[in-house]
Amino acid sequence: MTADSEIELKEAFQRAQKGHNNKAKLVASLKSRYNKLEDKTLFHEEFVHYLKYAMIVYKREPAVENVIEFVAKFATSFQPLPNAEDEQQEEEEEEEEDEDDHPFLSFIFNFLLESHKANSHAVRFRACQLINKLLGSMAENAQIDDDLFDRIHQAMLVRVTDKFPNVRIQAALAMTRLQQPKDPDCPTINAYMLILENDSNAEVRRAVLSCIAMSPRTLPKVLKRTRDIKENVRKLAYQVLSEKVHIKALTIAQRVGLLQQGLHDTSESVRDIVCSRLLPAWLLRLDGNIIELLHRLDVENCAETAMETLKAIFKTMPAEELLHIRGHLDDRKVIPEDSMTCENVLYWRSLCEFLKGKGDDGEEMLEQVLPDAAIYGDYLFGYLKAVPVLTEEQRADFNQLELVMTKEFISQQLIHLIGCLDTNEEGGRKRVLAVLQEMLALTQTPSSLVSLLTEKLLALIPDDQRRIQTVAEIISDVREPIMEASQPVDENRSRRQQVQLAEVKVRLIEAKQDLEDCIAAQDFSRAAELKDSIAGLEDQRNQVLQEISESSQPVDREVRAEKNDPETLLRCLTMCAELLKQMNIKTRTGPTISALMSSLVLPSIANAHPAVRNMAVVCLGTCTLHSKELAKAHMVLLLQIAQLDEVKIRISALRAIIDLLLLFGFQLLSETASTQTVQPPLSPDRQEGDATSAEDKGNIPEDSAQSILVMLSEFLDSEMSDLRTETAEGLAKLMYTGRISSAKMLSRLVLLWYNPVTEDDVRLRHCLGVFFQLYARESRAHQEVVEETFLPTVRTLLNAPATSPLAEVDINNVVELLVELTRPSGLIKPSANTEEVCVHDYLAVRMCGEMLKDPTAPEVRLYAKTLSNLELSREETVRDDLTTLLQQLVQVVKDRVCLRALEKMLHQLMDSKEQAEVVNSSALQPLDVNADEAAAEDPSKSTKRPKRGQRKASTAKGGRRPSRKAESSEESDGENVPESAPVVRSSRRAKIAALEKTKLDLNPLINQEANVS
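*Asks:* Give me the lowdown on the overall build of the protein, citing residues and values where you can.
*Replies:* Broken down by element type, the protein carries 49 helices and four strands. Of all 1013 residues assigned to the protein, the portion counted as buried reaches 46%. Of the contacts made within the protein by residues no fewer than 6 positions apart, 74% connect residues no fewer than 24 positions apart. When the accessible area of the protein is evaluated, it comes to approximately 53200 Å², of which 49% is carbon and sulfur surface.

What follows is the structure, given as structure tokens:
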């Protein structure tokens, strides 16, 4: 190669570094030069020589990125542009063209495939990046040699398991065009799915999400990423689903799940993606038909999700499109009954509620899609009366049952629409009230609608006394309806009348026979007498017949008959429960409520039907919230039910007990115990020293409070997950509100949270996870309770037998949680006095005491490691005490790792003179190495450069590592690149000047190499 060509190649690389250069002209010029060369080998070697300067730079410098881009464009420029004639010739000349790839392109690929195993992570990163860009720059229908394809494939499969995330990212992107979705055993697809499941770096997961091909195998993995821990991954997962997956490819459960999670995501950006990308994409594929979208969601089983979806759609729709529902309405502004479906009724309700929520702005539009209250009341009454009541035989027919369920769902939506009506006009409100009262009194009204009808009825009545009176009257009409009662027939009298009639008939027959005989004998005088006698007997017979007919007709009169069947009782209890819920908590229970309690609620608690008993317990619990006297009277009953009945009823009773304790406190137990005995008092010897402190504990009999806590503690061990979860949630409420303060209970909750048995109990895990954070950050007193929990919890885990589920719990994770919860800087209102003794000071002393008890115990290493993560105060007395304890520990602890950790703590707590004395006298001295001696002589260096196996000690604010901002999949994730400290925002001119100074230029390196050569 001539000197001119060397300069030209070198100049090309120099010019390629500058972003403003036209790379297409640069590529064309260099390609022209390359084509003129007969011997390409020297060019190849020189090209790679200059490329290596860029490949050793790991940081994403603009100059290096420009060079990589230039190399990719130049290498792929040798591929012929695809056209129709070429495609026809390819089939004819396949056998002759065994080597389709250009020599230069093959050479570059071979060089990169040889470089991907380099020790330098920068070289591996640039090799994978360049392979990615080369494959991406090729034409859509480009082909490469099978052997080269396999080599690239194998190399990238190795690199997706690289130690450095950026290398894995580029390797994953490079395999984008190598995946074969139709192949069930495609190694690329398998690698992608493995990365999505297991890769710890969020940017790697994002890179795979952006390039993975959609198929029945990969779809579940992508759906799972919508629940990823990282916001950016969830966001990209929704974007990928909106762009690559048709709504018909998803099951109903998957569609509902996506919307439910997306619309409730904690991140606003994820919620925005669902509203702005996913929903419009689905509507676009359904030709903008919102009713069809609702049909795809099965609104009968997920009405709330469908409502939220519609609300999100309405927010982006112009006002004109919102009123398209008018096409489904008739002249009365209602949907005709023959054209009603679940979807259009739910759409109508959602639109009305959306417009109602806009206030005055939506009032005019609401009037166009909703009729007056009176008209709507008649419309609702007509539809509800038409809902059929199925017999037992009809319930066995699935089609009949499905039809009734659909009508009940539509009825629920129509009842909800009452809340959107303008009820300020007296006539319309009275009509709606009359309809609701009549529907509640009708026996054929479905039980599923009773609660909703009662709620809407009470919403229209503002006064509590009127509410109580109205509902009591309806309950009376339902339970004791007016019936026509008939007086029963007296059987004895009826029998006597029948006998008397028979006697008269016999005498009449005999008289007629004698009359015939007399006539035959021509004894006319006797015949005349008999004739008179027969007339008398006939009159007597007619009189008896009249008496019999009168006595057989019952006397009808109106009476009230009490109904005690389960369905009627459940109806009445449901209305009563809804009334008590809607009443103001300050409203006292009057005579009417007391009558309902004595005649309806309390008798129903002993009912044989479980649903009736459960609703009765709900009514009793709600009613006791309105009256402390009632609560005292029935607390023992609720406690008995919570321990003896079915699970569902026990949970209802437990909720009532927790609510009562939250409202009235444990003081309620002392007043209850004065009249009723809960349990015999425990002897002082049996009561433990820690135990539980409750509100106003000085006046509380400890046996009453203790018995409740023992019961709740037993419930936490229950095999019934619902009961266990409800108990844990109740205890969390009691502790957060300060009704109880118990380190033992908190320890139980921590262990329950970590217990693998509760892994599938999402509600329990979520509740406790939120509670721990809120409780510990609320006050210093709460942190002290958590600190008391530390050692008992750790001991329980350490002593757990191998057969216990607690043996699988990671103790380090539990310790980190408790340390984080007790961190003084984590308080919502941290103390401004840094000299004040903090919770971590006490925790440090406790751990030192534990280590001194048994210096050879395996947990000593755990405690020593934890000490370095504490935020200690600057109070001199505490520091002196800790120093004394640590000095004692250094003398007795033999484990090298523990000794190093303890020494590090001493370096923080002592001055340099005391440090020297302690280190010289420490038990570690005989085992010292050069690094340890240097550390003892120069503590400052030891602090800055900790020895192997040690962690850098945290300062008062250094317990946590600073979070790094997530970057795009093309950029470094920050794991290996030093992060600059935050600075004040500077002007654009200053930024440009600073950027020019920090730009990397490869020219000095290239020139230096040229001069040396």
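Picking up after the structure, the text goes on.
*Asks:* Talk me through the packing of aromatic side chains; I want residue IDs and the actual numbers.
*Replies:* Counted by the stated rule, this structure contains 23 aromatic pairs. Aromatic pair Phe 314 and Phe 354: ring centres 5.5 Å apart, planes at 45°, arrangement tilted. Here Phe 314 is found in helix 17 (residues 303-316), whereas its partner Phe 354 is found in helix 19 (residues 342-357), with 40 residues between them in sequence. Under the relative-accessibility criterion, Phe 354 is labelled buried at 15%. A centroid spacing of 6.3 Å and a plane angle of 65° characterise the contact between Trp 348 and Tyr 376, whose relative ring orientation is edge-to-face. In this pair, Trp 348 is assigned in helix 19 and Tyr 376 in helix 21 (residues 373-385), connecting sequence segments 28 residues apart. Three or more aromatic residues joined by ring pairs form one cluster here, namely Phe 13, Tyr 34, Phe 43, Phe 47, Tyr 50, Phe 70, Phe 74 and Phe 104.

*Asks:* An account of the nonpolar core is needed here, citing residue identities and associated values.
*Replies:* Core analysis: the biggest nonpolar cluster contains 278 residues, and Phe 47, Ile 152, Trp 348, Val 369, Leu 414, Phe 790 and Leu 867 have the highest contact counts within it. A per-element tally of this core places helix 33 (residues 647-664) first, with 10 residues. Not counting the four nearest positions on each side in its chain, Trp 348 is found in contact with Ile 325, Leu 329, Lys 333, Val 334, Ile 335, Val 369, Leu 370, Pro 371, Tyr 376, Tyr 379, Leu 414 and Leu 417. Formed by eight residues, the second largest nonpolar core is a distinct cluster that contains Leu 508, Ala 511, Leu 530 and Ile 534.

*Asks:* So what's going on with a negative patch on the surface? Residues and values would help.
*Replies:* Taken together, Asp 360, Asp 361, Glu 363, Glu 364, Glu 367, Asp 372, Asp 422 and Glu 425 make up a surface patch of like negative charges. Residue placement: Glu 364 occurs in helix 20 (residues 360-369).

*Asks:* Break down unusual backbone geometry for me, citing the residues and quoting the values.
*Replies:* The backbone phi angle of Asp 287 is positive, close to 60°, even though this residue is not glycine. The topology assignment puts Asp 287 in the loop between helix 15 (268-285) and helix 16 (290-295). Given the relative accessible area of 74%, Asp 287 is considered exposed. At Asp 298, a residue that is not glycine, the phi angle is positive and equals roughly 55°.

*Asks:* Would you mind going over the environment of Gln 129 in detail, with residue names and values included?
*Replies:* The residue Gln 129 is located in helix 7 (residues 121-137) in this model. Remark: the alpha-carbon pair of Gln 129 and Met 55, spanning 74 residues in sequence, is separated by 9.8 Å. Aside from chain neighbours lying at most four places away, what touches Gln 129 is Arg 60, Glu 65, Ile 68 and Gln 170.

*Asks:* For the packing of helix 32 (residues 628-644) against helix 33, give the residues involved together with the corresponding values.
*Replies:* Two elements in contact, helix 32 and helix 33, have axes whose closest approach is 9 Å; the angle formed by their N-to-C orientations is 145°. Between helix 32 and helix 33 the crossing geometry is left-handed. Together, Lys 628, Ala 631, Met 635, Leu 638, Leu 639, Ile 641, Ala 642, Gln 643 and Leu 644 of helix 32 and Ile 649, Arg 650, Ala 653, Leu 654, Ala 656, Ile 657, Leu 660, Leu 661 and Phe 664 of helix 33 make up the contact between the two elements. Residue classes in the contact of helix 32 with helix 33 are distributed as 15 nonpolar, one polar and two charged.

Conventions and cut-offs
Here the residue numbering is sequential within each chain, running from 1 through the sequence in written order. Only residues with pLDDT of 70 or above have their local features reported here, since the model is predicted, and side-chain atom pairs are shown and tallied only from 80 upward, although totals for entire chains, interfaces and linings are computed over all residues. Remark: hydrogens and water are excluded; side-chain values derive from all non-hydrogen atoms of the structure. Only DSSP runs of H or I reaching four residues or more are called helices, and only runs of E reaching two or more are called strands; each is numbered from the N terminus. For every residue, the accessible area (1.4 Å probe, protein chains only) is compared with the maximum for its type, and the residue is labelled buried under 20%, exposed over 50%, or partly exposed between those bounds. Contacts were defined at the residue level, with two residues in contact if any of their heavy atoms lie within 4.5 Å. To measure how exposed things are, a 1.4 Å probe is used in the Shrake-Rupley method; for residues, cover is taken only from the protein chains shown. A pair of aromatic rings is counted whenever rings of Phe, Tyr or Trp (Trp by its six-membered ring) have centres within 6.5 Å, and the orientation is called stacked for planes under 30 degrees apart, edge-to-face for over 60 and tilted otherwise. Nine residue types can take part in a nonpolar core, namely buried Ala, Val, Leu, Ile, Met, Phe, Trp, Tyr and Cys, and a core is a set of them joined through side-chain atoms within 4.5 Å. Within the patch definition used here, like charges are joined within 9 Å and nonpolar side chains (Val, Leu, Ile, Met, Phe, Trp, Tyr) within 5 Å, considering only residues with over 30% relative accessible area and no salt bridge. Here a salt bridge means any side-chain nitrogen of Lys or Arg lying within 4 Å of a carboxyl oxygen belonging to Asp or Glu. For the purpose of counting charges, residues Lys and Arg are taken to be positive, whereas Asp and Glu are taken to be negative. His and the chain ends are not included. Every charge is mapped onto a representative atom, which is NZ of Lys, CZ of Arg, CG of Asp or CD of Glu. Under this scheme, a helix contributes an axis fitted over its contacting stretch, all axes are lines through C-alpha atoms, and angles between N-to-C directions fall in the 0 to 180 degree range. Crossing handedness is read from the near helix: turned anticlockwise from the far helix by less than a right angle, it gives a left-handed crossing, and turned clockwise, a right-handed one. Three classes are used: nonpolar for Ala, Val, Leu, Ile, Met, Phe, Trp, Tyr, Cys and Pro, charged for Asp, Glu, Lys and Arg, and polar for all others, with Gly counted as polar.

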